[in-house]
Amino acid sequence: PAVGGPDAVGLRFDAVAPNFVDAVSVPAGYTSEPVIRWGDKLFSDAADFDPANLTAAAQARQFGYNNDHVGLLPLEQDEHLMVVNHEYTDEVMMFGGYDAANPTREQVEVSWAAHGLSVVAVTGRHRGPRNGGLDPVVDHPLNRRFTATDEFELTGPVAGAELVRTSADPSGRVVLGTLNNCAGGLSPWGTWLTAEENFNQYFANADGVTDSATRQRLARYGLPGGASERKWERFDTRFDLSAEPNEVNRFGWIVEVDPYDPTSTPRKRTALGRFKHEAATVSLTPGRRAALYMGDDERFDYLYKFVTRDAYRSNDVAHNATLLDNGTLYVARFADDGSGEWIPLVTSTGDTATSHVPGMTGVEVLLFTRQAGDAVGATTMDRPEDVEPSPKTGVVYVALTNNTARSAAQLNAPNPRPSNKHGHVIELVDGRNDATSSTFTWDIFLLCGNPEDEDTYFAGYDKTQVSPISCPDNLAFDRHGNLWISTDGQNGTIGANDALHAVAVKGSRRGQVKTFLTVPRGGETCGPIVTDERVLVAVQHPGEYGGASFETRLSSWPDGGGQVPRPSVVVAYRLDGKKIGHG
Ligand code: FEO
Ligand code: CA
Ligand code: CA
Ligand code: CA
């Protein structure tokens, strides 16, 4: 083991060494296994997974591709409702003989069905006392799939606005599908918040738009001038900006899902602004209002907070369903002295939005939030990913994945490294430790990389006693308040598989990063959940690196034997049945 000794409770395991094996690696005394894989059935009427013959009809009833966020909501005993989103598809790895210049209609429809969301019950009840494994419950009455063609409702001030009306939906309220859902969070009122991130990649022909204000907006959100990567515009004109300039305005939102109500329609909450949403995680203020922390995962983009107008009420489903339509959206401006301000951008009240940004209407601020952030001088960040408040201390942790484009002339105090390829983690505390405050203080917790590199920093901890870490992405906390950090891109920076690391944030071990788990080659570690019984991660895009295709199969995880790699949710647990990280 790279690191040992009497660690903080929850972190008493032998760190996994950096590696490049085609497997999930866990500490000695632990084991891991897939819970559910791309193509596994949620319903018994689905066809069996057949990688040589994918069909849209089967995929719509099976677990989707490229799982990212994972949440567990309680059912009974050791049964849980697992919510998982499916960020994107990698067609060249999914389809044999894929011709990227000329995809077929069936391939495109499979991709539509492989995107979206899964809600699936999982159970560990039959596994016995020393087995933390979980299995999907096929045909559970709460199981659901949502794809790129299912109905979602727009709510809040942008719903019905001119800029979201299309020829297929003159009401501007009913959107087909959710795309590129990345990280997410669970609300205290039992709903799932999932984040539409790189929605720009699905839309084509921005060059065909003539209106100059529209063109500027499209450029700020990175919409391609010509054809899209997947060519969906050939099969549905809503993906063609020159034909339907408003369809793109219906993506890039935080989506709220009520997994406990199998008849509910998921809602895109427009009061939370539109950008490349990475996640939304919630803390409750002393007055029981909800504060949602959100990143916009782009180089030089911003960090946001939404604070609800109203307090959350236990067991009042109808009231809680209105919380995210009423409140104020803020953007962060950091000062060099360790202080900072949350600058109000827009206040939403049901259907109306009051702008705090000169020259923009409230609806414009919600739709083109990046431009509102530009206008008020928000602080440019190094790809703000997961932003998560500690349930123990209220301290908010901000994962900044990397930003190799930042020059020495563009440095600012919270983003202090030029060509920042390893990323860093910031700690932020709202004034009075109350999320309604419009001020905060901050410090740098980690400057990631190989610990022997001069410019790394592990909260002052002895750098000979830490694991290397690069490209911090998703965050989670265990019951003891330790921070768990998953990575996206370590393979390209420190030459080792992506990983799930854990680190104490308090006490004598503060800053001692230890690797708990590594994922197979080419994979990214997503969606970590850490409980006493088990650790869950989503292994996203296994085998996806240079030269990957259906034919080359640079990974054959998890099925082995040269089979196609399958993005899967994995559970790790102890072989002796004791608690995770309790030594
Ligand atoms: Fe989908 Fe920002 O990672
Ligand atoms: Ca991510
Ligand atoms: Ca998280
Ligand atoms: Ca990522």
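Refer to the structure presented above.
In what follows, the accompanying structure is described. (Residues numbered from 1 in each chain as written. Chains lettered and ligands numbered in written order. Predicted model: local features only at pLDDT ≥ 70, side-chain atom pairs only at ≥ 80, totals over all residues.)

Another point: the environment of P262. Locating P262 in the fold gives a position in the loop between β11 (254-257) and β12 (267-269). Measuring from C-alpha to C-alpha, the distance between P262 and Y545 comes to 38 Å, with 283 residues separating the pair along the chain. If sequence neighbours within four positions are ignored, P262 has contacts with P141, L142 and R144. (Helix = DSSP H or I, 4+ residues; strand = E, 2+ residues; numbered from the N terminus. Contact = placed C-beta atoms within 7 Å.)

This part covers the nonpolar core. Within the largest apolar cluster, 156 residues are counted, with the highest numbers of intra-cluster contacts made by L272, V398 and L517. Among residues more than four places away in sequence, those in contact with L517 are V16, V24, S25, V26, A499, L500, V535, V537 and A572. (Core = buried A, V, L, I, M, F, W, Y, C linked by C-beta atoms within 7 Å. Buried ≥ 20, exposed ≤ 12 C-beta atoms within 10 Å, placed from the backbone.)

Let us look at the sheet that holds strand β1 (residues 30-37). Read across the sheet, four strands follow the order β1-β32-β31-β30 without closing on themselves; strand pairing throughout is antiparallel. Strands at the two margins of the open sheet, each flanked by one partner only, are β1 and β30 (524-530). Taken over all neighbouring pairs, the strand axes of this sheet differ in orientation by 25° on average, direction set aside. (Pairing = 2+ DSSP bridges. Axes fitted to C-alpha atoms, helices over the stretch in contact; angles between N-to-C directions.)

Put simply, W557 and P558 share a cis peptide bond, and its omega is 0°. The phi dihedral of R288 is positive, around 70°, even though this residue is not glycine. The residue R288 is located in the loop between β13 (281-284) and β14 (289-295) in this model. Exposure remark for R288: the 13 C-beta atoms within 10 Å place this residue in the partly exposed category. Notably, H541 is not glycine yet its phi reads approximately 40°, a positive angle. Inspection of the secondary structure assignment puts H541 in the loop between β31 (535-540) and β32 (568-574). Taking the C-beta count within 10 Å as the criterion, H541 has 26 such neighbours and is therefore assigned buried.

To continue, consider the pairing of strand β4 (residues 116-123). With seven of eight residues buried, β4 lies mostly within the body of the structure. Looking at chain direction, β4 and strand β6 (residues 144-146) are connected through three bridges and run antiparallel. Directly across from V119, in β6, lies its bridge partner R144. Pairing of β4 with strand β5 (residues 135-136), which is carried by two bridges, proceeds in the antiparallel orientation. Residue T123 lies in a different strand from β5, and its bridge partner there is D135.

Backbone hydrogen bonds are what pair the strands of a sheet, in a parallel or an antiparallel way. Spatially, six strands are ordered β8-β7-β12-β11-β10-β9 in an open sheet, and the strand pairing comes out mixed. Each of the sheet's edge strands pairs with one partner strand only, and the pair in question is β8 (174-176) and β9 (181-186). Pairs of neighbouring strands in the sheet enclose a mean axial angle of 35°, with direction left out of account. Pairing between strand β7 (residues 151-155) and β8: three bridges, direction antiparallel. In the sheet register, F152 faces β8, and the bridge partner there is V175.

Take the environment of K463 next. Here K463 shows up in the loop between β25 (457-458) and β26 (472-477). Each C-alpha atom, one on K463 and one on A502, is 15 Å from the other, the two residues being 39 residues apart in sequence.

Looking now at the pairing of strand β27 (residues 483-487). In terms of residue burial, β27 counts as a mostly covered element, since five of its five residues are buried. Of the two faces of β27, the one holding L483, I485 and T487 and the one holding W484 and S486 are both buried throughout. Examined bridge by bridge, β26 and β27 share four bridges and lie antiparallel to one another. When the bridges of β27 are listed, F477 appears paired with L483. Count of turn residues in the β26/β27 antiparallel hairpin: five residues, of which G481 carries a positive phi of about 90°. Relative to strand β28 (residues 499-503), β27 runs antiparallel, the two sharing four bridges. Within β28, the position partnered with I485 by the bridge is H501.

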